[in-house]
Every structure is written in C-alpha cells, then in structure tokens.
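# Chain and residue survey
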Amino acid sequence: MPFNFQFRHAEERKEIDQLSRFLLLQPLGYPNYGDCVERARTELLSGGKSCILAFSDGVLVGDALYQKHKQFPRVREVKNMRVHSKLQGRYFGVFMLKQAEAENPQDYDAVITDIRSDNLSVLNMARFCGYEELLRTPLYERNAQEVVMIKKFSRTPSGLFGPMKKRLVSHSY
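Time to look at the packing of aromatic side chains. Counted under the stated rule, the structure contains 6 aromatic pairs. Between Phe 7 and Phe 95, the aromatic rings sit 4.5 Å apart at their centres with planes inclined by 50°, giving tilted as the arrangement. Taken together, the residues Phe 7 in strand β1 (residues 5-9) and Phe 95 in helix α3 (residues 92-102) connect sequence positions 88 residues apart. Given a relative accessible area of 38%, Phe 95 falls into the partly exposed group. Judged by centre distance (5.9 Å) and plane angle (70°), the rings of Tyr 108 and Phe 153 are edge-to-face. Taken together, the positions of Tyr 108 in the loop between α3 and β5 (110-116) and Phe 153 in the loop between β7 (146-152) and α5 (161-170) put the pair 45 residues apart, joining distant regions of the chain. Judged by its relative accessible area of 2%, Tyr 108 falls in the buried class. Its relative accessible area of 22% is what places Phe 153 among the partly exposed residues. Put simply, the rings of Phe 5, Phe 7, Phe 92 and Phe 95 touch in pairs and so form one group of aromatic residues. Positioned over the ring face of Phe 55 is Arg 8, at 4.1 Å from the centre of the ring.

A separate point is the packing of helix α1 (residues 13-24) against helix α2 (residues 33-46). Look at α1 against α2: their axes get within 10 Å of each other, and the N-to-C directions meet at 165°. Taken together, the axes of α1 and α2 are roughly antiparallel relative to one another. Crossing handedness for the pair α1 and α2: right-handed. Between α1 and α2, the residues in contact are Arg 13, Ile 16, Asp 17, Leu 19, Ser 20, Leu 23 and Leu 24 and Tyr 33, Gly 34, Val 37, Arg 41, Leu 44 and Leu 45, respectively. Across the contact of α1 with α2, the residue classes break down as 8 nonpolar, 2 polar and 3 charged.

The next subject is the pairing of strand β3 (residues 59-68). The buried fraction of β3 amounts to 8 of the 10 residues, a majority that puts the element mostly inside the structure. Across 7 bridges, strand β2 (residues 50-56) lies against β3 in antiparallel orientation. Paired with Ser 56 across the strands is Val 59, a residue of β3. In this antiparallel pair of consecutive strands, β2 and β3, the connection spans 2 residues, and Asp 57 shows a positive phi of 50°. Taking the residues between adjacent antiparallel strands as the criterion, β3 and strand β4 (residues 75-83) are bridged by 6 residues.

Here we come to the environment of Asn 143. Tracing the chain through its elements places Asn 143 in the loop between β6 (132-137) and β7. Taking the relative accessible area as the measure of exposure, Asn 143 reaches 79% and is therefore exposed. Sequence spacing of Asn 143 and Tyr 173 is 30 residues, and the spatial spacing of their C-alpha atoms is 8.9 Å.

Overall, the coordinates contain 12 salt bridges when judged by the stated rule. Asp 17 is paired through a salt bridge with Arg 41; the nearest N and O atoms lie 2.8 Å apart. Linking Asp 17 in helix α1 with Arg 41 in helix α2, this pair joins segments that are 24 residues apart in sequence. In this structure, a network of salt bridges that share partners links the residues Asp 17, Glu 38 and Arg 41.

Attention shifts here to unusual backbone geometry. Even without being a glycine, Asp 57 presents a positive backbone phi close to 50°. Here Asp 57 is to be found in the loop between β2 and β3. Given a relative accessible area of 54%, Asp 57 falls into the exposed group. Although it is not a glycine, Asn 104 sits at a positive phi angle of roughly 50°. Along the chain, Asn 104 falls in the loop between α3 and β5.

Procedures and definitions
- Residues numbered from 1 in each chain as written.
- Predicted model: local features only at pLDDT ≥ 70, side-chain atom pairs only at ≥ 80, totals over all residues.
- Heavy atoms only, no water.
- Phe/Tyr/Trp six-rings, centres within 6.5 Å; stacked < 30°, edge-to-face > 60°.
- Helix = DSSP H or I, 4+ residues; strand = E, 2+ residues; numbered from the N terminus.
- Buried < 20%, exposed > 50% of the residue type's maximum accessible area, 1.4 Å probe, protein only.
- Lys NZ or Arg CZ within 6 Å of the ring centre and 35° of its normal.
- Axes fitted to C-alpha atoms, helices over the stretch in contact; angles between N-to-C directions.
- Parallel < 35°, antiparallel > 145°, perpendicular 65-115°, else oblique.
- Left-handed = near helix turned anticlockwise from the far one by under 90°.
- Contact = heavy atoms within 4.5 Å.
- Nonpolar A, V, L, I, M, F, W, Y, C, P; charged D, E, K, R; others polar.
- Pairing = 2+ DSSP bridges.
- Salt bridge = Lys/Arg side-chain N within 4 Å of Asp/Glu carboxyl O.

Next comes the structure, spelled out in structure tokens:
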C-alpha cells in the first residue's frame, strides 16, 4: 500500500486556515471551542504559537500546536494535538510531540500539556513519551477532569512545580 506523509511547520496563511478547518471538525466537546480555534489562528498568524502539521498525500491529517506558557516563560505548552482517526495508532502524535520538544530546546526547561482524563490512548502516549502526571483538575468545565502532564528534563528547576500547580488550581472550575 503506497503512502506519502509529510510533516512541516504551519507558516503560510493558507495552511493556518486549513488547520482551523481541520480543528473545527474535531471539537471533542470543549466549551467555546470555535473561539479557541479562532484565537489560535490569530496567534499562529502573529507568531505567538507554533504548529507542526502532518499531511498525507497533501491532505491535513494531524497537528501539534504549541507555545511558550503565558505565566511560566521557561515552560513550553502543547495546546492542541489531533490526528485523523484513520491514522491514529501509527505514531503521528508521538512524532509531532517529540518534534515540538526538539524545537529550540534551550528556550525552555519543561513541557506541559493537559489531556482529558477519559482519553486513555493520549494519556498512554504522553506517558510513553516521558510525561508525568502533575495534577488532575477541571480546567475547562466543571464536570470534566483534565490530567495536567509535564515532561521534565535535567535542566528543569525543582521549584517550578509548586507555583505551577497553584496557578493551575486557581484557574480551575
């Protein structure tokens, strides 16, 4: 079976618009998701966020959207990752996550992300990639728990986690 996969950064407006349409097809029940997608689009266009795109024969099939954490500038935050359902389980997510970690590693000391507690396949992928559970809290809505995961490196200061947990809990529902 032939295949043609390509991974690259979202740099052109056309690709960012394509990403927006791709994300809107997969809201996963998040409240005000359309507003979040539009904010991400605006921040991608202005350079505030970065994104790795995955294509199969020219069709967008995955993304990993990341940025500098807004309160903790030495922390990279993975904001969104989606892989088309027909390609899940083929390590697209692992590759994009590892690539997001590899971009300018001197600029950050840890990577953080949050994952719905019922999304076991993505939680397992994060653990496989070296992420550890930092805390569980309802970040986006009262009745849904997110698992905040962090990947530490040898350069990660140990005093980072207390203030981070405090900040996350203070902004939970």
